[in-house]
Amino acid sequence: MKSEGTYGDEEEKAIQEFREAFKDQYFPPGATVFYSQSPNGTLGLRFSKDDTIPEHEHTVINNKPLSEAVLETMIGEIPVSPALKESLATRFYEFLKNDNFKIEN
C-alpha cells in the first residue's frame, strides 16, 4: 500500500484491526480462516476450528486498500503461497465445471 501511495492513517487503523482480529485466535490442525471481500472493499474475517463455515463474521474491516492487499497476497501475481493460489484455481474451476454457477439475465 505504501508503494502505491494508498497508505495513510485509515490504513494504519485497518492494519491494527486486522492484527487484533487474529490476536486471540488459536488454529489447531484443520482450522480455517475465511476471507470475504465486498465490491466496496469491506474485508470480512471468519474463523473455524473444524470443518464448518461460521455463519457470522468475526471481524469486518472497512478499508478497500487493505482488503485489496490481502486478496493480492493470496491470488496476485506473486502469492504468499503458490499452493493456495493453485488450490483456489482448481476448486473454482471444479465449481464452475459442475454447473453450480449460473448467470441469469
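Refer to the preceding data block for the structure.
Residues numbered from 1 in each chain as written. Predicted model: local features only at pLDDT ≥ 70, side-chain atom pairs only at ≥ 80, totals over all residues. Heavy atoms only, no water.

A. Looking closely at a nonpolar patch on the surface. A cluster of nonpolar residues, Leu71, Ile75, Leu84 and Leu88, forms a patch on the protein surface that exposes about 290 Å² of accessible area. At the level of secondary structure, the elements contributing two or more residues to the nonpolar patch comprise α2 (64-75) and α3 (82-97). Its place among the elements puts Leu71 in helix α2. Here Leu71 falls in the partly exposed class, since its relative accessible area comes to 33%. (Patch = residues over 30% accessible without salt bridge, like charges linked within 9 Å, V, L, I, M, F, W, Y side chains within 5 Å. Areas by Shrake-Rupley, 256 points an atom, 1.4 Å probe, with all protein chains shown as cover. Salt bridge = Lys/Arg side-chain N within 4 Å of Asp/Glu carboxyl O. Helix = DSSP H or I, 4+ residues; strand = E, 2+ residues; numbered from the N terminus. Buried < 20%, exposed > 50% of the residue type's maximum accessible area, 1.4 Å probe, protein only.)

B. Representation of helix α1 (residues 9-23) within the structure. Taking 1.5 Å per residue as the helical rise, α1 with its 15 residues ought to reach 21 Å, and the 21 Å between its terminal C-alpha atoms agrees with that figure. Along α1, the residues classified as buried are Glu11, Ala14, Ile15 and Ala21. The buried residues of α1 occupy one face: seen down the axis, they fall within an arc of 115°. Seen from the open side of α1, the exposed residues pointing more than 90 degrees away from its buried face are Asp9, Lys13 and Lys23. Those residues of α1 that are buried are in contact with β2 (42-48), β3 (59-62) and α2. (Expected span 1.5 Å × (residues − 1). Arc of directions from axis to C-beta. Contact = heavy atoms within 4.5 Å.)

C. Main features of the sheet that holds β2. Strand order in this open sheet of three strands is β1-β2-β3, and the pairing throughout is antiparallel. Each having just a single partner strand, β1 (32-37) and β3 make up the two edges of the open sheet. The sheet shows a mean angle of 20° between the axes of neighbouring strands, direction not considered. Pairing of β1 with β2 involves six bridges; the strand directions are antiparallel. (Pairing = 2+ DSSP bridges. Axes fitted to C-alpha atoms, helices over the stretch in contact; angles between N-to-C directions.)

D. Layout of the pattern of salt bridges. Counted by the stated rule, this structure contains one salt bridge. Salt-bridge contacts for Glu94 lead to Lys97; the nearest nitrogen and oxygen are separated by 3.4 Å. One end of the pair, Glu94, and the other, Lys97, are both in helix α3, three residues apart, so they sit about a helical turn from each other.

E. Region of the structure containing the nonpolar core. In terms of nonpolar packing, the biggest core is built from ten residues, these being Ala14, Ile15, Ala21, Leu43, Leu45, Phe47, Ile61, Leu66, Val70 and Met74. Where this core is concerned, the elements lending two or more residues are α1, β2 and α2. (Core = buried A, V, L, I, M, F, W, Y, C linked by side-chain atoms within 4.5 Å.)

F. Broad picture of the packing of aromatic side chains. What the rule picks out here adds up to four aromatic pairs. Consider the rings of Phe22 and Phe47, whose centres lie 5.1 Å apart with planes at 75°: the pair is edge-to-face. With Phe22 in helix α1 and Phe47 in strand β2, this pair connects stretches of sequence that are 25 residues apart. Three or more aromatic residues link up through ring pairs in this structure, and these residues are Phe18, Phe22, Phe27 and Phe47. Across the ring face of Phe27, the terminal group of Lys49 is positioned such that the distance to the ring centre comes to 5.1 Å. (Phe/Tyr/Trp six-rings, centres within 6.5 Å; stacked < 30°, edge-to-face > 60°. Lys NZ or Arg CZ within 6 Å of the ring centre and 35° of its normal.)

G. Quick look at the pairing of β3. By the alternation rule, side chains of β3 split into Thr59 and Ile61, which are all buried, and Val60 and Asn62, of which none is buried. Alignment of β2 against β3, held across four bridges, turns out to be antiparallel. Looking at β3, one finds that Thr42 is bridged to Asn62.

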